[in-house]
Amino acid sequence: MMKNTVNKMSAPTAHRLGRPRLLIVGCGDVGMRLLPLLCNSFRVFAVTSQPERCAELRAAGAVPVVADLDRPHSLRRLAGLAPTIVHLAPPQAQGEQDRRSRNLVAILPEHAKLVYISTSGVYGNCGGAQFDETRGVNPQNPRARRRVDAEQALRAWARRSGSRLSILRVPGIYAADRLPIERLRKATPALNAAEDVYTNHIHADDLARLIARALFSAQPCRVYHAVDDSDMKMGEYFDTVADAFGLPHPPRQPRAVLQTQVSTMLLSFMSESRRLSNKRIKAELGFRFRYADVPAALAAITAEQIGGPETG
């Protein structure tokens with residue numbers, strides 16, 4: 001009887017161990033949305049620097065690995081752990097280089113597949129121009145320069161290791177719990193229409209779905225714009241969210257006035273205007289959005305009555 005019990009227990013274990021391994025580095029909100037899309041196809045290992053998150057990651061189907069990208073010696077256990085990697089971790093807050101990505105590159109295996117989640121901020125201010133992935137980068141603040149450094153470090157690793165790298169350049173991510181509700185309640189001003197900037201958006205669930213699609217379908221050493229079909233300026237975005245939740249529109253102010261009223265980071269977002277084309281993800285990856293644009297997503301959110309204030 002004991003032999004039969006062991007045999008029955010070993011089958012699902014063998015199934016789990018038989019799946020290819022995948023490593024998620026930086027398993028925050030988007031990573032948690034990604035896990036259900038991958039756990040049936042991969043044995044997923046999720047890196048966290050917070051031991052208290054291990055139970056949450058395990059419950060979501062991942063094998064937690066405690067490591068810290070700011071402590072290179074802690075990354076040794078990741079070396080050769082998985083041939084497929086999703087790199088979601090942001091750079092550290094200071095400096096011109098992304099030391100975290102450089103620390104990660106030092107332990108990445110050869111002949112691997114990696115999807116890196118970068119930012120549309122690498123393009124800098126484009127004066128509202130609409131463009132595709134062939135446009136050169138022009139980072140205009142240290143945050144964006146760190147992202148360009150990460151892309152360059154990962155490209156160099158991919159070339160020398162014979163690996164497949166795909167880069168998703170991501171704009172503002174939103175979801176039911178990632179909306180500027182608190183900002184609207186505080187009546188934080190926005191730019192007046194004449195000086196307003198174009199912004200780009202993607203719902204967090206669609207970003208997770210796009211990452212999963214890129215793992216299977218992206219071409220090597222390829223950049224993709226992870227943006228939805230929205231075509232709106234920042235103030236229009238705030239107004240649209242306000243209308244969806246019955247809140248007042250934010251007051252509009254000229255840039256010279258806003259410089260004294262908003263944070264340096266928010267002002268930097270208000271200084272860059274661009275419209276990213278998403279034709280490549282549709283044509284090459286066959287991607288179709290669950291939420292084609294911000295109004296469509298807000299309609300779904302309010303219909304389900306799950307909207308809430310942003311947490312940060």
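Reading the values: the criteria
Residues numbered from 1 in each chain as written. Predicted model: local features only at pLDDT ≥ 70, side-chain atom pairs only at ≥ 80, totals over all residues. Heavy atoms only, no water. Core = buried A, V, L, I, M, F, W, Y, C linked by side-chain atoms within 4.5 Å. Buried < 20%, exposed > 50% of the residue type's maximum accessible area, 1.4 Å probe, protein only. Helix = DSSP H or I, 4+ residues; strand = E, 2+ residues; numbered from the N terminus. Contact = heavy atoms within 4.5 Å. Phe/Tyr/Trp six-rings, centres within 6.5 Å; stacked < 30°, edge-to-face > 60°. Lys NZ or Arg CZ within 6 Å of the ring centre and 35° of its normal. Pairing = 2+ DSSP bridges. Axes fitted to C-alpha atoms, helices over the stretch in contact; angles between N-to-C directions. pLDDT = per-residue confidence, 0-100. Parallel < 35°, antiparallel > 145°, perpendicular 65-115°, else oblique. Left-handed = near helix turned anticlockwise from the far one by under 90°. Nonpolar A, V, L, I, M, F, W, Y, C, P; charged D, E, K, R; others polar. Salt bridge = Lys/Arg side-chain N within 4 Å of Asp/Glu carboxyl O.

Undergrad: Go over the nonpolar core, please, and point to the residues and values.
TA: Counting residues in hydrophobic clusters, the biggest one holds 34 residues, and the most contacted among them are Ile-24, Leu-38, Val-44, Leu-168 and Ile-211. If you list the elements that add at least two residues to this core, you get strand E1 (21-25), helix H2 (29-38), strand E2 (43-48), strand E5 (113-119), strand E7 (164-170) and helix H7 (204-217). The element contributing the most residues to this core is H7, with 7 residues. Excluding residues within four positions of it along the chain, Ile-211 makes contact with Val-30, Leu-34, Val-86, Leu-88, Val-115, Ile-117 and Leu-168. One finds Val-25, Leu-81, Ala-89 and Leu-114 within the second-largest nonpolar core, a separate group that totals 27 residues.

Undergrad: Hey, could you go over the packing of aromatic side chains for me, with residue numbers and the actual values?
TA: Geometrically, a pair of aromatic rings is defined through the distance of the ring centres and the angle of the planes. In this structure the tally under the stated criterion is 4 aromatic pairs. For the ring pair Phe-42 and Phe-216, a centre distance of 5.8 Å and an interplane angle of 35° mean the geometry is tilted. Placement of Phe-42 in the loop between H2 and E2 and of Phe-216 in helix H7 is noted, with a sequence separation of 174 residues between them. Both rings, one in Phe-287 and one in Phe-289, keep their centres 5.1 Å apart while their planes meet at 90°; by these two values the pair is edge-to-face. Residues Phe-287 and Phe-289 agree in their burial class; the two are buried. Sitting over the ring of Tyr-198, Arg-275 keeps its end group 4.4 Å from the ring centre.

Undergrad: Which residues make up the sheet that holds strand E4 (residues 84-87), and what are the values?
TA: The 7 strands are arranged E3-E2-E1-E4-E5-E7-E12 in an open sheet whose pairing can be described as parallel. Lying at the two open borders of the sheet, with one neighbouring strand each, are strand E3 (63-66) and strand E12 (222-225). Looking at each pair of strands side by side, their axes are set apart by 20° on average, direction ignored. Inspection of the sheet shows E5 paired to E7 by 7 bridges, in the parallel sense. Along E7, the bridge assignment pairs Ile-117 with Leu-168. H2 contacts E1, E2 and E4 of the sheet and is inclined by roughly 170° relative to E1. Contacts between H7 and the sheet are confined to E1, E4, E5 and E7, with E5 contributing the most and set at about 145° to the helix.

Undergrad: Quick one: what's the story with the confidence of the model for the protein chain, residue by residue and with numbers?
TA: Across the protein chain, pLDDT averages 92, with 92% of residues at or above 70. Counting interchain partners and residues more than four positions distant, the pLDDT-below-50 stretch residues 1-15 has 0 contacts. Note on residues 306-312: pLDDT under 50 across the span, and 21 contacts to partners over four residues away in sequence or across chains.

Undergrad: Could you give an account of the packing of helix H8 (residues 234-244) against helix H12 (residues 294-304), naming the residues involved and the relevant values?
TA: Between H8 and H12, whose axes approach to 10 Å, the crossing angle comes to 20°. Here H8 lies roughly parallel to H12, going by the angle between them. In the crossing of H8 with H12, the sense of the turn from one axis to the other is right-handed. Contacts from Tyr-237, Thr-240, Val-241 and Ala-244 of H8 reach H12 at Val-294, Pro-295, Leu-298 and Thr-302. Among the residues forming the contact of H8 with H12, the class breakdown is 6 nonpolar, 2 polar and no charged.

Undergrad: I'd like a rundown of the pattern of salt bridges, residues and numbers included.
TA: Side chains that differ in charge, positive against negative, can pair when their charged atoms come close. Scanning the model with the defined rule gives 19 salt bridges in all. A salt bridge links Arg-252 to Asp-196, with the nearest nitrogen and oxygen atoms 3.8 Å apart. Of the two residues, Arg-252 is situated in strand E14 (residues 252-253) and Asp-196 in the loop between strand E9 (190-191) and strand E10 (198-199); the sequence distance between them amounts to 56 residues. Using a relative accessible area of 9% as the deciding quantity, one classes Asp-196 as buried. The closest approach of N and O atoms between Glu-284 and Arg-280, which form a salt bridge, is 4.0 Å.

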